[in-house]
Amino acid sequence: MNLLLDAKNKLGECILWCEHSQALFWTDISDCKLYRLRYPQLELSQWDMPERLSCFALTEDHDCLLLGLAGQLAFFSISTQKITPLMPVEAGLPTTRINDGRCDRLGRFVFGTVNEDPERAAIAHFYRLNRDLSLEQLPLPPVAIANSICFSLDGKLMYYCDSLAKAIYCWPYDDLDVQPYLFADLRDQVGVPDGSIVDADGYLWNAQWGSGSVTRYAPSGLIERQIFLPVTQTTCLTFGGNAFSTMFVTSATDELTPMQIDQQLLAGSIFQQEFSTIRGLPEQRFKLAESELRRVY
């Protein structure tokens, strides 16, 4: 795994590739910043956010991002930097904030929350923002740290995890009454599951916090390969570049001691790995219903 950018992020997360702008977008949650890196020119832009930006999605409007801020959903115009609030999330739960999120294959934004209380009780949930901007809570068990949200190629399966439980689950997303089942058990491993993505072969890639690795799982849940990085706090990944053959990985310095940071000088950087046979897919974009376009813009 090679260094792409020494970003010095405290908590780099939610990295996405935009094929329209030929750029990577990601957030430093702790520093309340959104980044864009044009690739391969390595032209870096950054924008301050009004609160911690936990996740976001591309939209069909190439100038607009859907933001999952700590306590609310909003739209963000890249050209004007205008933020248009949509709705608060879990306003009645003062210790939770939005965490991981990704669009499903129909262009709806699915995200989860995290309980930041030190006791980490499982009071966080998963939600879906529909195209008409209605918000619904998904019928999944409550978690402490919602993560690893991604979808099978046909959109019929949703993968997710509670990072604290160290297990990735699979849920028949086309039938909300069916119970989720265990996909990958990490309880006997060093790392915990963080961000995930599904590649063009239907394999799930997971960044594993604390182990400095990304792991590729077959649809059966068996490990196909594992790639290690020179830092321990790997957080999220995406595929991009002209052929979607380059994997990009975010990392963090969060939870490292000063001695560990001295030993991991590249912690908080963005890394890349080129593949000859593995390909990713374009990121699914949030699709706003026609009836909502005028109201939002």
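Residues numbered from 1 in each chain as written. Predicted model: local features only at pLDDT ≥ 70, side-chain atom pairs only at ≥ 80, totals over all residues. Heavy atoms only, no water.

Let's talk about the overall build of the protein chain
Assigned secondary structure in the protein chain consists of two helices and 24 strands. For 297 residues, the compact-globule formula gives about 19 Å, and the C-alpha radius of gyration of the protein chain, at 18 Å, lands near that figure. When its C-alpha atoms are laid out on the principal axes, the protein chain stretches across 50 × 45 × 40 Å. Within the protein chain, buried positions represent 58% of all 297 residues. Summing over all exposed atoms, the protein chain offers an accessible surface of approximately 12300 Å²; the carbon and sulfur share of this is 51%. Positive and negative side-chain charges in the protein chain, numbering 24 and 37 respectively, have mean positions lying 4 Å apart. (Helix = DSSP H or I, 4+ residues; strand = E, 2+ residues; numbered from the N terminus. Rg over C-alpha atoms; globule rule 2.2 N^0.38 Å. Buried < 20%, exposed > 50% of the residue type's maximum accessible area, 1.4 Å probe, protein only. Areas by Shrake-Rupley, 256 points an atom, 1.4 Å probe, with all protein chains shown as cover. Lys, Arg positive; Asp, Glu negative; His and termini not counted. Charge placed at Lys NZ, Arg CZ, Asp CG, Glu CD.)

Some details on the pairing of strand S20 (residues 213-217)
Counting buried residues along S20, five of its five residues qualify, which places the element largely inside the surrounding structure. The side-chain alternation of S20 yields two buried faces, one formed by Ser 213, Thr 215 and Tyr 217 and the other by Val 214 and Arg 216. Pairing analysis gives five bridges linking strand S19 (residues 204-209) to S20, with the strands arranged antiparallel. What sits directly across from Gln 208, in S20, is Ser 213. Linking S19 to S20, which pair antiparallel, is a turn of three residues; within it Gly 210 sits at a positive phi near 95 degrees. (Pairing = 2+ DSSP bridges.)

Some words on the side chain of Ser 196
In this structure, Ser 196 sits in strand S18 (residues 192-198). A distance of 3.5 Å separates the side chain of Ser 196 from the backbone oxygen of Trp 205, its partner in a polar contact. Polar contacts involving the side chain of Ser 196 include one to the side chain of Asn 206, which spans 2.9 Å. Beyond its immediate chain neighbours, meaning those up to four positions away, Ser 196 contacts Arg 102, Ser 148, Ile 149, Cys 150, Leu 204, Trp 205, Asn 206 and Leu 237. (Polar contact = N/O pair within 3.5 Å; in protein donor to acceptor, adjacent residues only side chain to side chain. Contact = heavy atoms within 4.5 Å.)

So, the sheet that holds strand S15 (residues 157-162)
As summarised here, the arrangement of the four strands in space is S14-S15-S16-S17, forming an open sheet in which the pairing is antiparallel. At either end of the open sheet lies a strand with only one pairing partner, and these are strand S14 (146-151) and strand S17 (181-185). The average undirected angle you get between the axes of adjacent strands in this sheet is 25 degrees. In terms of strand pairing, strand S16 (residues 167-172) meets S17 through four bridges, oriented antiparallel. In the strand pairing of S17, Ala 167 is matched with Asp 185. (Axes fitted to C-alpha atoms, helices over the stretch in contact; angles between N-to-C directions.)

Details of the pattern of salt bridges
Under the defined criterion, the tally for this structure stands at 14 salt bridges. Overlapping salt bridges, with partners in common, bring together Asp 199, Asp 201, Arg 216, Glu 224 and Arg 225 in one network. (Salt bridge = Lys/Arg side-chain N within 4 Å of Asp/Glu carboxyl O.)

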